[in-house]
Amino acid sequence: MTAQSPTFHNSYTQLPDRFFAHVAPARPHAPALLALNEELAEALGLDVEWLRSKEGLAMLSGERLPNGAASIAMAYAGHQFGGWVPQLGDGRAILVGEVTGRDGFRRDLQLKGAGPTPFSRGGDGLAWLGPVLREYVVSEAMAKLGVATTRALAAVSTGGDVIRETVLPGAVLTRVARSHIRVGTFQYFSARRDVEGLKALAYHVIERHYPQARQAENPYLALLENVIDAQVDLVSHWQSIGFIHGVMNTDNMTLSGETIDYGPCAFMDDYHPETVFSSIDRGGRYAYSNQPPVAQWNLAILASALLPILNDDKDLAVADAQALIDSVSPRFDAAIVERFRRKIGLDDERAEDDSALIADLLSRMAANMVDFTNLFRALGKLPDEGGPHTDAPARDLFVDPTAFDQWAESWRRRLGRQGRAEADRKSAMDAVNPAFIPRNHRVEAMIAAALNNDLEPMQELMDVLSRPYRDQPDKANYADPPTEQEHVTATFCGT
Ligand code: AMP
Ligand code: MG
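Residues numbered from 1 in each chain as written. Chains lettered and ligands numbered in written order. Predicted model: local features only at pLDDT ≥ 70, side-chain atom pairs only at ≥ 80, totals over all residues. Heavy atoms only, no water.

Observations concerning the overall build of the protein
Helix and strand content of the protein: 17 helices and 12 strands. With the C-alpha coordinates of the protein rotated into their principal frame, the extents come out at 65 × 60 × 45 Å. Considering the protein as a whole, with its 495 residues, one finds that 57% of them fall into the buried category. Restricting to contacts in the protein with at least 6 residues of sequence separation, those with at least 24 account for 72%. Accessible surface computed for the protein: about 20100 Å², of which carbon and sulfur atoms make up 50%. Counting 48 positive and 66 negative side-chain charges, the protein places the averaged centre of each group 2 Å from the other. (Helix = DSSP H or I, 4+ residues; strand = E, 2+ residues; numbered from the N terminus. Buried < 20%, exposed > 50% of the residue type's maximum accessible area, 1.4 Å probe, protein only. Contact = heavy atoms within 4.5 Å. Areas by Shrake-Rupley, 256 points an atom, 1.4 Å probe, with all protein chains shown as cover. Lys, Arg positive; Asp, Glu negative; His and termini not counted. Charge placed at Lys NZ, Arg CZ, Asp CG, Glu CD.)

As structure tokens, then:
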């Protein structure tokens, strides 16, 4: 059998012309495959042999697209760090079409870094190797951690130069997403008072992501509630694994509920609620502890963009939207407590005391510069009956180990009140507390090696991160926090 090129659907190009611009990808100089995600390709029903062929590389680099592919840049707007930008759009990304995976869901294939578009606003439309590999590794690690996310199908070097502070090698990432529709896409039409556009977009999103909303009395209100549910679930998942997105602008929040736009993101090492990585986030707007309130802010922006189609009666539209937005904060409180309850080995509900127990642990961790990932993983190894003599793996992570001992006494009293076998409790904890996350110093080292044409650190990192919930004793050093020299304090926007 000969290798098969993908069969594309193009539902987005059937929307009105003002939703996107047709563009041709830039011609790469000398494209070469850096990484191909074969497991994902198979799940998407794509032919790995074809992807590895000359035609496959031509598509993944933007050199030549197969028959049936679209080639469009999507229009959107957004609030960046709280400031309104009426027109953003895909400035360095080209949508080539949708494929239907083995799970029956359609997914977009998008080339990120394949040249300028009408939305580039003076940018070059290109990406360099660093952010492309960062997104490849971190988004795939997120997927293996079980977090809803866009995926990485391939990374290709273009053979061309990208000018930033220095001259850097160009690269293209093939991003896979349930869709690339963002809060900012709705804002784009709402700001233009384009009610027909809003309706067409909302209809498209309902058909694609929330078909159950069709049956609701008010499908657009049901859409908003579904997106709220998806985002509360997503961002509380981030909180539970110490993921900091870094640029939660409204154009970086999807309607599908997938994590998107891995720019200056990073996982926390030491726990501190005010942790920020993005070098451009001087006010800490997107700090770890601000992620839930910022998600609520973004959802309120979505709600106001939807107002013109929620109800012909403006007051009723506002009242309905407001009620849903008011529900976001209590939904977050419940979702986050639930995630952390599981992280500390509880499977029954005693809401009041549990949130205090969790908050007490976190404040002790912050005061003692405790590694977030390693502490929860270590907790899952501790016996039901124990004390300082058994607890070294956890207590030794504290500057003052007695701060842990005090908390551990309350924790064990609480464990004693749930009738659960110790072995069950431990394995349930191991299933939610990862041993391995893409630590920033490892990601930076992987990029530095790739710049020297050494892709082995990337492959090894990807391999460890493909089994994040499994102890891998021979890879234990991948769980180590950074040394003082390795410590990365800032990450930069993926431009
Ligand atoms: P981001 O910060 O990645 O969410 O991007 C914000 C906006 O800037 C989007 O409209 C991007 O398409 C655009 N953008 C980012 N980098 C570039 C680039 N190198 N060339 C053109 N547009 C860009
Ligand atoms: Mg973006």
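A word on the site of ligand 1
Neighbouring residues of ligand 1: 18 residues in total, closest Gly 89, Gly 91, Arg 92, Arg 121 and Gly 125. The protein chains hide 88% of the 480 Å² of surface that ligand 1 would expose on its own. Among the residues forming the shell around ligand 1, the class breakdown is 3 nonpolar, 8 polar and 7 charged. Looking at the shell around ligand 1, you find at least three residues from each of domain 1 (11–177) and domain 2 (183–336). (Near = heavy atom within 4 Å. Nonpolar A, V, L, I, M, F, W, Y, C, P; charged D, E, K, R; others polar. Domains from an automatic or database assignment.)

Considering the environment of Ala 213
Here Ala 213 shows up in the loop between helix H6 (195–209) and helix H7 (219–241). On the accessibility criterion, Ala 213 (1% relative accessible area) is buried. Between the C-alpha atom of Ala 213 and that of Leu 224, which follows or precedes it by 11 residues, the distance is 9.4 Å. With residues near it in sequence (within four places) discarded, Ala 213 still touches Ile 206, Pro 219, Ala 222, Leu 223 and Asn 226.

Let's talk about the coordination of the magnesium ion (ligand 2)
Donor atoms from the polypeptide that coordinate the magnesium ion (ligand 2) comprise Asn 252 (OD1) and Asp 261 (OD), at 2.1 to 2.2 Å from the metal. As far as the burial class goes, Asn 252 and Asp 261 line up, both buried. (Donors = N, O, S within 2.8 Å, 3.2 Å for Na, K, Ca; no water.)

Geometry only, nothing functional implied.
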